[in-house]
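Given next are the chains, with one letter for each unit.
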Amino acid sequence: MSNASQVFQELFAGVMGMGDWTVWVMLAIGALLIWLGVRKGYEPVLLFPMGVGCILANIPGHFAVMPTGGGEPGFLTVLYQMGIANELFPVLIFIGIGAMCDFTPLLRAPYMMLFAAAAHLGIFAATLCAALAGFPFNEAASIGIIGAADGPTTIFVAQKFATEMLAPLTVTAFCYMSLVPIIQPPVVKLLTTKEERLIRMPYQEEKPVSQTALFLFPLMVTLIAGIIAPISVPLIGALMFGNLLKVSGCCDSLSNCAQNELTNLVTLLLGITVGATMTAENILTVQVLKILCLGAVAFIFDTVGGLLFAKLANLFLKKKINPMIGACGISAFPISGRVIAKMALKEDPTNFIIQQAIGVNVAGQVASVVAGGLVMALIPVLM
Amino acid sequence: MDSVTASIELLVIAYPLVFVVMALFAGLTWGLTKLFPARE
């Protein structure tokens, strides 16, 4: 009889497991992520695989992750061990991002890097708010990194200092990156006057940049960032390696591979694997609600930091700059630059600041890795 | 050290340091473009 009962339980393990309400909630969250990606267009290449990973991991029995009855780990656990536990996937994605980046606008106007530095205030504001909310420092700083507006950096830092929070941090970072068009405009409007938003910035003729300077720039950034914060070498090194492939001019096939095949493949694997870490015990907690709020704090303060720095610069400049470009110094590229350029056009249909906005946005890519590297170097020291 | 104090120290140390590093990059990048100007 007991044998028959055991057979019955094993045969209908999935059906029995559906009696747990948290399974239904997690399946609904997976479906929500898929809906946000597919129907709403919020970072679909990431949210879609994450939603599928979440559903697969929460089907009772957990055969895709780690069978509850014992046995070999599922393919999602194998992928996790292979690409996230050792930080391989974020680093590979950075090679692809580097190959996609064009630093030419930055070399034309290097001062834009300062706006990008200012626009990383959100990291530190969110870290402080997280600490005030009761998170230990390593977790608070990992939450703060959402303010880098950079998914791979968030994964990299979370994996190093707050492994158990990897899933909520990754989801929050990518969701807010796709919500930049909703978050930034009201903050920009609140902190700028109409006159400031109407400031015109002269369109600079396409100043040519030499191939040598374009080639030496990534090497210089890698060396200096690596010497100042050696812990950042995997991220900055991968980013700049990808860029070197692009600017070298002799590795087009590798550059194309990094931009397309490598990025697509790793994004797919990263998405489904991170999604699979979204289990009820990781997600259905008050902490996750706090992380969602703190993510918003990070993005709002990024915008505030960039805007206020640009307004401060205007106090000393003869030729005023449109302070809205300060808000684009985050890593969400090119969405932030486009949003700000669109805002300027809305105020005055003949005011084109896209060139400057995109320049600051590109600088944000570098600043996010620098800020991430410095935070990673300081967490163990300050803990 | 408690979490709030460590966060304030992070803000005080790292935020200005991001400016310093980015300013260094800006200066060196400007130098690079002057040292290796594009041929018109």
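Residues numbered from 1 in each chain as written. Chains lettered and ligands numbered in written order. Predicted model: local features only at pLDDT ≥ 70, side-chain atom pairs only at ≥ 80, totals over all residues.

Another aspect to go through is the overall build of chain B. Helices and strands together make up the secondary structure of chain B, namely one helix and zero strands. Projected onto its principal axes, the C-alpha positions of chain B cover 55 × 10 × 10 Å. A burial count over chain B gives 32% of its 40 residues as buried. (Helix = DSSP H or I, 4+ residues; strand = E, 2+ residues; numbered from the N terminus. Buried ≥ 20, exposed ≤ 12 C-beta atoms within 10 Å, placed from the backbone.)

Moving on, we get to the overall build of chain A. Summing up its helical and strand segments, chain A has 21 helices and zero strands in all. In terms of C-alpha radius of gyration, chain A reaches 22 Å, essentially the compact-globule figure of 21 Å for 383 residues. (Rg over C-alpha atoms; globule rule 2.2 N^0.38 Å.)

Membership of the largest hydrophobic core comes to 148 residues, with the highest contact counts inside it found for A:Met113, A:Phe115, A:Ala116, A:Ala126, A:Val375 and B:Met22. Per-element accounting of this core gives the leading share, 14 residues, to helix α21 (residues 354–382) of chain A. When residues no more than four places from it in sequence are discounted, the contact partners of A:Phe115 are A:Gly306, A:Phe309, A:Ala310, A:Ile325, A:Gly326, A:Gly329, A:Val360 and A:Ala363. (Core = buried A, V, L, I, M, F, W, Y, C linked by C-beta atoms within 7 Å. Contact = placed C-beta atoms within 7 Å.)

Turning our attention to the interface of chain B and chain A. Contact with chain B, which involves 30 residues of that partner, is made by 40 residues of chain A. A class-by-class count of the residues in the side of chain B that touches chain A yields 24 nonpolar, four polar and two charged. (Nonpolar A, V, L, I, M, F, W, Y, C, P; charged D, E, K, R; others polar.)

As a further point, take unusual backbone geometry. The bulk of non-glycine residues show a negative phi, and the bulk of peptide bonds are trans. Residues and elements named next belong to chain A. Here the residue pair Phe-333 and Pro-334 is connected by a cis peptide bond, since its omega of -5 degrees sits within 30 degrees of zero. Looking at where Pro-334 falls in the secondary structure, it is placed in the loop between α19 (286–316) and α20 (335–347). If you check the backbone angles, Ala-149 has positive phi at about 55 degrees while not being a glycine.

What follows is about the environment of A:Leu268. All names here are of chain A. When you line up the elements, Leu-268 lands in helix α17 (residues 252–276). Classification of Leu-268 by C-beta neighbours within 10 Å gives partly exposed; the count is 14. Sequence separation between Leu-268 and Pro-49 is 219 residues, and the spatial gap between their C-alpha atoms is 6.3 Å.

Before going further, it helps to spend a moment on the packing of helix α13 (residues 180–191) of chain A against α19(A). All names here are of chain A. One way to put it is that α13 packs onto α19 with a least axis distance of 10 Å and a crossing angle of 40 degrees. With respect to α19, the axis of α13 lies oblique. When the axes of α13 and α19 are compared, the crossing they make is right-handed. Judged by residue contacts, Ile-183, Gln-184, Val-187, Val-188 and Leu-191 of α13 engage Ala-296, Phe-299, Ile-300, Thr-303, Val-304 and Leu-307 from α19. When its residues are assigned to classes, the contact of α13 with α19 shows nine nonpolar, two polar and no charged. (Axes fitted to C-alpha atoms, helices over the stretch in contact; angles between N-to-C directions. Parallel < 35°, antiparallel > 145°, perpendicular 65-115°, else oblique. Left-handed = near helix turned anticlockwise from the far one by under 90°.)

Residue and element names in this part refer to chain A. Close contact between helix α3 (residues 21–38) and helix α4 (residues 44–58) brings their axes to 7 Å; oriented N to C, the two are set at 165 degrees. If you check the angle between α3 and α4, you find them roughly antiparallel. Relative to α4, the crossing made by α3 is left-handed. Contacts between α3 and α4 pair Val-23, Met-26, Leu-27, Ile-29, Gly-30, Ala-31, Leu-33, Ile-34, Leu-36, Gly-37 and Val-38 from the former with Pro-44, Leu-47, Phe-48, Met-50, Gly-51, Val-52, Cys-54, Ile-55 and Asn-58 from the latter. Of the residues that constitute the contact of α3 with α4, the class distribution is 16 nonpolar, four polar and no charged.

Another aspect to go through is α21(A). Residues and elements named next belong to chain A. Spanning 29 residues, α21 covers 40 Å between terminal C-alpha atoms, matching the ideal 42 Å at 1.5 Å per step. Along α21, the helix axis deviates most sharply at Gln-365, where the bend reaches about 25 degrees. Counting buried residues in α21 gives 22 out of 29 residues, a clear majority hidden from the surface. (Expected span 1.5 Å × (residues − 1). Bend = angle between axes of the 7 residues up to and from the residue.)

This part is about α17(A). The end-to-end C-alpha distance of α17(A), which contains 25 residues, comes to 35 Å, matching closely the 36 Å that a straight helix rising 1.5 Å per residue would cover. Considering bend angle alone, the principal kink of α17(A) is centred on A:Ala258 and spans about 40 degrees.

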